[in-house]
Amino acid sequence: MRHTLTIDGRALSYLDFGGPGRPLLALHGGMSEAMAFAGLADALGDAWRVIAPDQRGHGDSDRAADYSRAGYVSDAVALLDHLGLDAPVALLGYSLGGLNAVHLAAAHPHRISALIDADAAVEINPGAGDWMGFLRAMRYTAPTRGELLAAAGPVGAQFVEQALRPLPDGSWRLPFHPQDMLDSVEACRGDHWDAWLASDCPALLIHGTRSASLPQGQADAMVTRRPGTSYTPLDGDHFVPFTDPEGFHKAVGAFLAGL
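Residues numbered from 1 in each chain as written. Predicted model: local features only at pLDDT ≥ 70, side-chain atom pairs only at ≥ 80, totals over all residues. Heavy atoms only, no water.

**With respect to the side chain of Arg-69**
Within the secondary structure, Arg-69 is located in helix α2 (residues 69-82). Buried charge without a salt bridge: Arg-69, with Asp-66 as the nearest opposite-charge side chain at an N-O distance of 8.2 Å. Ignoring anything within four residues of it in the chain, the contact list for Arg-69 reads Leu-96, Leu-99, Asn-100, His-103, Ala-187, Cys-188 and His-192. (Helix = DSSP H or I, 4+ residues; strand = E, 2+ residues; numbered from the N terminus. Buried < 20%, exposed > 50% of the residue type's maximum accessible area, 1.4 Å probe, protein only. Lys, Arg positive; Asp, Glu negative; His and termini not counted. Salt bridge = Lys/Arg side-chain N within 4 Å of Asp/Glu carboxyl O. Contact = heavy atoms within 4.5 Å.)

**Things to note about the sheet that holds strand β8 (residues 141-142)**
Judged by pairing direction, the sheet is antiparallel, and its 3 strands sit side by side in the order β8-β10-β9 without closing on themselves. The open sheet is flanked by β8 and β9 (165-166), the only strands paired with a single partner. For β9 and strand β10 (residues 172-173), the ladder comprises 2 bridges, and the chain directions are antiparallel. From the neighbouring strand, Arg-165 faces β10, where its bridge partner is Arg-173. (Pairing = 2+ DSSP bridges.)

**Side note on the sheet that holds strand β5 (residues 89-94)**
With respect to topology, 8 strands assemble into an open sheet ordered β1-β2-β4-β3-β5-β6-β12-β13, the strand pairing being mixed. Each edge of the sheet is formed by a strand with only one pairing partner; in this case those strands are β1 (2-7) and β13 (229-234). Shown here is a sheet whose adjacent strand axes are inclined to one another by a mean of 20°, direction ignored. Judged from the 4 bridges that link them, strand β3 (residues 22-27) and β5 form a sheet pairing that is parallel. Looking across to β5, one finds that Ala-26 is bridged to Leu-92. (Axes fitted to C-alpha atoms, helices over the stretch in contact; angles between N-to-C directions.)

**Some thoughts on the packing of aromatic side chains**
For any two aromatic rings, the description comes down to two numbers: the centre-to-centre distance and the angle of the planes. Overall, the coordinates contain 4 aromatic pairs when judged by the stated rule. Where Tyr-94 meets Phe-242, the ring centres are 5.6 Å apart and the plane angle is 80°; that geometry is what we call edge-to-face. Residue Tyr-94 is located in strand β5, and its partner Phe-242 is located in helix α8 (residues 240-243); the two are separated by 148 residues in the primary sequence. Residue class for Phe-242 comes out partly exposed when judged on its relative accessible area of 44%. One aromatic cluster is present, built from ring pairs that chain together Phe-134, Phe-159 and Phe-239. Directly above the ring of Tyr-140 sits Arg-63, whose terminal nitrogen or CZ lies 5.9 Å from the centroid. It is Arg-225 that lies over the ring of Trp-193; its NZ or CZ is 4.1 Å from the centre. (Phe/Tyr/Trp six-rings, centres within 6.5 Å; stacked < 30°, edge-to-face > 60°. Lys NZ or Arg CZ within 6 Å of the ring centre and 35° of its normal.)

**Regarding the nonpolar core**
As a rule of thumb, soluble globular proteins bury nonpolar side chains together. Residues Leu-25, Leu-91, Leu-104, Ile-112, Leu-115, Trp-196 and Met-222 are the most contacted members of the largest nonpolar core, which totals 33 residues. Among the elements that take part in this core, α2 stands out by supplying 5 residues, more than any other. Among all residues touching Leu-115, those that are not within four sequence positions of it are Leu-91, Ala-101, Val-102, Ala-105, Trp-196, Ser-199, Cys-201, Pro-202, Ala-203, Leu-204 and Phe-255. The next biggest cluster of nonpolar side chains, apart from the first, holds 26 residues, and it includes Trp-48, Leu-92, Ala-114 and Leu-204. (Core = buried A, V, L, I, M, F, W, Y, C linked by side-chain atoms within 4.5 Å.)

**So, the pattern of salt bridges**
Evaluation of the coordinates by the stated rule reveals 12 salt bridges. In this structure, the salt-bridge partner of Asp-75 is Arg-56, at a minimum N-O distance of 2.8 Å. Of this pair, Asp-75 sits in helix α2 while Arg-56 sits in the loop between β4 (48-53) and α2; the two residues are 19 residues apart in sequence, bridging distant segments of the chain. Considered together, Asp-75 and Arg-56 belong to a single accessibility category, that of buried residues. Of the charged contacts, one joins Glu-186 and Arg-189 as a salt bridge, the two residues approaching to 2.7 Å between their closest N and O atoms. Residue Glu-186 is classed as partly exposed on the basis of its relative accessible area of 41%.

**Section: the pairing of β1**
Alignment of β1 against strand β2 (residues 10-16), held across 6 bridges, turns out to be antiparallel. For Ile-7, the partnering residue across the bridge sits in β2 and is Arg-10. Linking two consecutive strands that pair antiparallel, namely β1 and β2, is a turn of 2 residues; a positive phi of about 50° is found at Asp-8 within it.

Note that all results are geometric; they support no functional claim without further evidence.
Structure representation (structure tokens):
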């Protein structure tokens, strides 16, 4: 069920998939939204209650003034407070959401019982190869859905085709503002090893072994350097949670079942 939390006048939309199980806070990747975890919620069944926000600037949540780690983390904490989840919860994050999850666990270790990082690196150079350059050509709104998709181009369209939002005047918008995503990616730049090593709860790194975002050497170092971290490789690229959802759901379920 979808709900909305207001934080300093800004709407944060979230999905609570419900059920009697233990809470799992799930943070989606950049240019995505909470609905990305619908399949995972189904796969986990009644054992886990999946709660997933549309992170700031994504989906049905309002745009924000900044896209720093502190901003993303403060939204997640506000959501936990709003739901009355004082006891430690399991935490999962993919890509951008994975980096946010790492920082949430580091800043609030007493609130996190377990951490799942799905293909989020801790050494990030977003400018390499200008792989996000397609965002600069995208339009935020257009009179028709077709025009908006055409402006997105073949790369951008794969992120938004099923997630475009109709507006009251009959026009359409993207589920994110392209400039916000560029700012968000840039804010990820740097070395996040301190945050990765700051928490000591059980952790799992799920890695697409052909990921351009998380090189094998870095993945190996993340597992070796952080005590209590297990590793599940999946044959795929950075988008392996979507290209191999069965493998992804199985890896998450097995780790959570062992807690």
